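Residue strings, one per chain:
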Amino acid sequence: QVQLVESGGGLVQAGGSLRLSCTTSGSIFSIDAMGWYRQAPGKQRELVASITSGGITNYADSMKGRFTISRNAFRNTVYLEMNSLKPEDTAVYYCNAARYRGALTDNYWGQGTQVTVSS
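Read on for an overview of the structure.

The rules we used
- Residues numbered from 1 in each chain as written.
- Predicted model: local features only at pLDDT ≥ 70, side-chain atom pairs only at ≥ 80, totals over all residues.
- Heavy atoms only, no water.
- Pairing = 2+ DSSP bridges.
- Helix = DSSP H or I, 4+ residues; strand = E, 2+ residues; numbered from the N terminus.
- Axes fitted to C-alpha atoms, helices over the stretch in contact; angles between N-to-C directions.
- Buried < 20%, exposed > 50% of the residue type's maximum accessible area, 1.4 Å probe, protein only.
- Disulfide = S-S within 2.5 Å.
- Lys, Arg positive; Asp, Glu negative; His and termini not counted.
- Salt bridge = Lys/Arg side-chain N within 4 Å of Asp/Glu carboxyl O.
- Polar contact = N/O pair within 3.5 Å; in protein donor to acceptor, adjacent residues only side chain to side chain.
- Contact = heavy atoms within 4.5 Å.

### Quick word on the sheet that holds strand β3 (residues 18–26)
Line of reasoning, step 1. Read across the open sheet, the 4 strands follow the order β1-β3-β8-β7; overall the sheet is antiparallel. In this open sheet, the two strands that pair with only one neighbour each are β1 (2–7) and β7 (67–71). Neighbouring strand axes in the sheet, compared pairwise and without regard to direction, differ in orientation by 15 degrees on average.
Line of reasoning, step 2. Direction of pairing for β1 relative to β3: antiparallel, over a ladder of 6 bridges. Within the sheet, the bridge partner assigned to V2 lies in β3 and is G26.

Below is the structure:
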């Protein structure tokens, strides 16, 4: 089992910045990738950014150049630096950890942290 705890959400004005953190515990040695997803009211959850155990990053097109995903040296904390925030970035942001088992993937989720961007 893997436990994830997010922090760092809040209210910010458009153009501002926030940094989200996700700290993991449990069987973190088996994690293959971690990422951030978000879900706005009435919309489906979508990928924001991800980072593999090898350090390869991936971003949704609308976040490229504004958001940066990174992790600490112990690989137990993942960060999401968000710059030039827009009102449409308002959502609940969820941390995800994935473990690949052949054709199956075990997904673990944090409780989510609210990000609100005012215009």
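### Comments concerning the pairing of strand β4 (residues 33–39)
Across a regular strand the side chains alternate sides, sitting on one face of the sheet and then on the other.
Line of reasoning, step 1. Burial runs high along β4: 5 of the 7 residues are buried.
Line of reasoning, step 2. Here β4 hands over to strand β5 (residues 46–52) after 6 residues, with G42 in that stretch at a positive phi of 75 degrees.
Line of reasoning, step 3. Bridge count for β4 against strand β9 (residues 91–101) is 7 bridges, and the pairing is antiparallel. By the bridge assignment, Y37 is partnered in β9 with Y94.

### Description of the state of the cysteines
Line of reasoning, step 1. Evaluation of the coordinates by the stated rule reveals 1 disulfide.
Line of reasoning, step 2. Here C22 engages in a disulfide with C95; their sulfurs sit 2.0 Å apart. Disulfide C22-C95: the torsion about the S-S bond is -85 degrees, which places it as left-handed. Of this pair, C22 sits in strand β3 while C95 sits in strand β9, placing them 73 residues apart in sequence. Neither residue differs from the other here; C22 and C95 are each classed as buried.

### Details of the pairing of strand β8 (residues 77–82)
Line of reasoning, step 1. Counting buried positions along β8 yields 5 of 6 residues, so the element is predominantly enclosed.
Line of reasoning, step 2. As paired strands, β3 and β8 are joined by 6 bridges and run antiparallel to one another. Its bridge partner lying in β8, R19 is registered against E81.
Line of reasoning, step 3. As paired strands, β7 and β8 are joined by 5 bridges and run antiparallel to one another. Along β8, the bridge assignment pairs I69 with L80.

### A few points about the side chain of E6
Line of reasoning, step 1. Relative to the helices and strands, E6 resides in strand β1.
Line of reasoning, step 2. There is no salt bridge for the buried E6, and the closest opposite charge comes from R45, which lies 7.6 Å off by N-O distance.
Line of reasoning, step 3. Of note is the side chain of E6, whose polar atom sits 2.7 Å from the backbone nitrogen of C95.
Line of reasoning, step 4. At 3.0 Å, the side chain of E6 forms a polar contact with the backbone nitrogen of Q111.
Line of reasoning, step 5. In this structure E6 touches S21, C22, W36, Y93, Y94, C95, G110, Q111, G112 and T113, once residues within four positions along its chain are discounted.

### Let's talk about unusual backbone geometry
Line of reasoning, step 1. With a phi close to 50 degrees, S84 is a non-glycine residue in the positive phi region.
Line of reasoning, step 2. Looking at where S84 falls in the secondary structure, it is placed in the loop between β8 and β9.

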